[in-house]
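A look at the structure
Listed here are the chains, written in short residue letters.
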Amino acid sequence: MLATEQQRLATEIVELADHYGRDRCALMPILQAVQQRYHHISEFTMQEVANLLGIHPVEVYSVVTFYAFLKAEKIGKFVIRLCRTISCDMQDKDKVARQLENELGIRFGETTPDGKFSLEWANCLGMCDQGPALLVNDQVFTHVTFEKVSDILEGCRRSFGVHPMPQGGH
Amino acid sequence: MDSQVLNIQNRGPILFGGVATGEGLKKAVGMRRSEIISEVRNSGLKGRGGAGFPTGVKWNLAAAASVESKYVVCNADEGEPGTFKDRVLLTEYADLVFEGMTIAGLAIGSHQGILYLRGEYRYLLARLEAVLAKRHLDGLLGEGILGREGFKFDIEIRMGSGAYVCGEETALIESLEGQRGEPRNRPPFPVDTGYMGCPTIVNNVETLALAAAVLARGAEWFKAIGTDKSTGTKLFSVSGDCLAPGVYEFPMGLTIAQLLTEVKGEGAKAVQVGGASGTCVPASQFAQTLAFEGVPTGGSIIVFGQQRDMLKVARNFMEFFVEESCGQCTPCRYGNVALLEGIGKLEQGRCSMTHLKELMALGETMQLSSKCGLGQSSPNAFLSIVKNFSDEILGRALPA
């Protein structure tokens, strides 16, 4: 990371701490905000946050590694999380999974080389009556079919660089 | 989101029925704190997250503590497989939920409410923030609510980050405090030592909405719905092999068979009641009632048709628990893995009866010795499937 980028990140973290507070209760909101903006929580971030909250960076690392939506490793700009829990499983989520892998040329748990897409499994998304369901970042899509998969990905590609979230939904 | 996505299939008399938002809070501000708690206690309302603890008793315990800081936490970490009714409530009836939190705040003497929303539902955040802002404008949050002197209450929304275990109340509190979501030993209970060491009530979304309805219409009206031991209605999140999945509000105490008729899932082989941590009920027991005295449930109903392979179902649930165990205590951390390995053996037709009995004994040990509800209930599905579908899972042909 360039020194200037690092400085910018450090400033943003200070701003987040000013907003959420400098006690331990602010840790999750700060990390969630960094995750949303930078798609991962770097060691540098962990150190900076630890300094501001007066805790050991290992404490931050321990929290980051506990939660499925917080990542120490960089993931794609669009994280696609396909529900694998029973109701979606019974609604043929496997077919959707294969289609996603085919379209993106990666397997679940991987990120495309251009850093745009990551594929992950999710546990129950609470859309069991409308499966198969998946999340693209914060946006939920239901009744996902083969055809819909490429539409969803196309929507992401089109919005890339314009807006971090695909428009429309379900 | 439109109503099609909400998929409300049956509107019962309480949550999706007649109770107007605002009535409950209006009545509550004219009552003494003890009267509010008595009303909730007399209604017989029990926690709708699944555990069924009497809400009035919980509130009373927190109210009794004479300290300055207390918290009202709304548990919107709806992660139980097959459950989605809280999403529907928060989308369509957020005011009623926030009203319930405000009433709870008044009742126990708390000035701060926190709604813990699961990370998967972040798309609801903007809408919920807007509802809170409107309530401030309308004088339903903040200082001197509805003109009652000294009654101040505020609600903050905090996000989860993808951890099923945080639906357990002490893990949820740990998460709020910026820790890993690892459950605490109980006692002390949150009503005594909760968020930041202060008395805290943690209530399910549906429970709080129902509490607002109890205040609006009175305990007697509420008690008249449902059964003696399970008063009021219950929201059921129905999915799986049925023609009309969605959210249903029914009085407590209807039978599984009745529910299956309503959801057009007749002829089912089994029904998973209560999600992955619930039990798998075979067709022979469909006469059982859905109530605290029958088959208790947080509302997750997953219908399995005749074509379903129950061992595959068991595998899906065990994979879920292996993934979601926080890893803190041994019975849960290792036990779930051992049960999943057992399923692998069963799939290959290589599980001896002796080994299966060992696995079942292990499951019972986990129920007794795990630290929190996750580990205590994670073997339920496995045990009930092995017990009720032994002819299907034993002696399977070797995979080709």
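What you are looking at is a predicted structure, and each value in this text was computed from that prediction instead of being measured.

1. Section: the interface of chain B and chain A
- With 39 residues of chain B at the contact, the number on the chain A side is 33 residues.
- Those elements that provide at least two residues to the side of chain B that touches chain A are α8 (169-176), β6 (233-240) and α12 (310-324) of chain B.
- Of the residues forming the side of chain B that touches chain A, the biggest block, 6 residues, is contributed by α12 of chain B.
- Partitioned by chemical class, the residues of the side of chain B that touches chain A number 15 nonpolar, 16 polar and 8 charged.

2. What to know about the packing of α12 of chain B against helix α16 (residues 379-388) of chain B
Residue and element names in this part refer to chain B.
- Closest axis-to-axis distance for the α12/α16 pair is 9 Å, and the angle between their directions is 165 degrees. On the basis of the axis angle, α12 is roughly antiparallel to α16. Both α12 and α16 take part in a crossing whose hand is left-handed. Residues Met310, Val313, Ala314, Phe317 and Met318 of α12 form the contact with α16, whose own contacting residues are Ala381, Phe382 and Ile385.
- Tallied by class, the residues present in the contact of α12 with α16 amount to 8 nonpolar, no polar and no charged.

3. Notes on the domain arrangement of chain A
- Each assigned domain of chain A is listed with its residue range as follows: domain 1 (3-66) and domain 2 (78-159).
- For domain 1 of chain A and domain 2 of chain A, the distance between their C-alpha centres works out to 29 Å.

4. Quick word on the pairing of strand β1 (residues 78-83) of chain A
Residue and element names in this part refer to chain A.
- Among the 6 residues of β1, 6 are classified as buried, and the element is accordingly described as predominantly covered.
- Residue alternation in β1 divides its side chains into two sets, Phe78, Ile80 and Leu82 and Val79, Arg81 and Cys83, and both sets are buried.
- Sheet analysis places β1 next to strand β2 (residues 117-122), joined by 6 bridges and oriented parallel. Bridge pairing links Arg81 to Glu120 in β2.

Conventions and cut-offs
- Residues numbered from 1 in each chain as written.
- Chains lettered and ligands numbered in written order.
- Predicted model: local features only at pLDDT ≥ 70, side-chain atom pairs only at ≥ 80, totals over all residues.
- Contact = placed C-beta atoms within 7 Å.
- Helix = DSSP H or I, 4+ residues; strand = E, 2+ residues; numbered from the N terminus.
- Nonpolar A, V, L, I, M, F, W, Y, C, P; charged D, E, K, R; others polar.
- Axes fitted to C-alpha atoms, helices over the stretch in contact; angles between N-to-C directions.
- Parallel < 35°, antiparallel > 145°, perpendicular 65-115°, else oblique.
- Left-handed = near helix turned anticlockwise from the far one by under 90°.
- Domains from an automatic or database assignment.
- Buried ≥ 20, exposed ≤ 12 C-beta atoms within 10 Å, placed from the backbone.
- Pairing = 2+ DSSP bridges.

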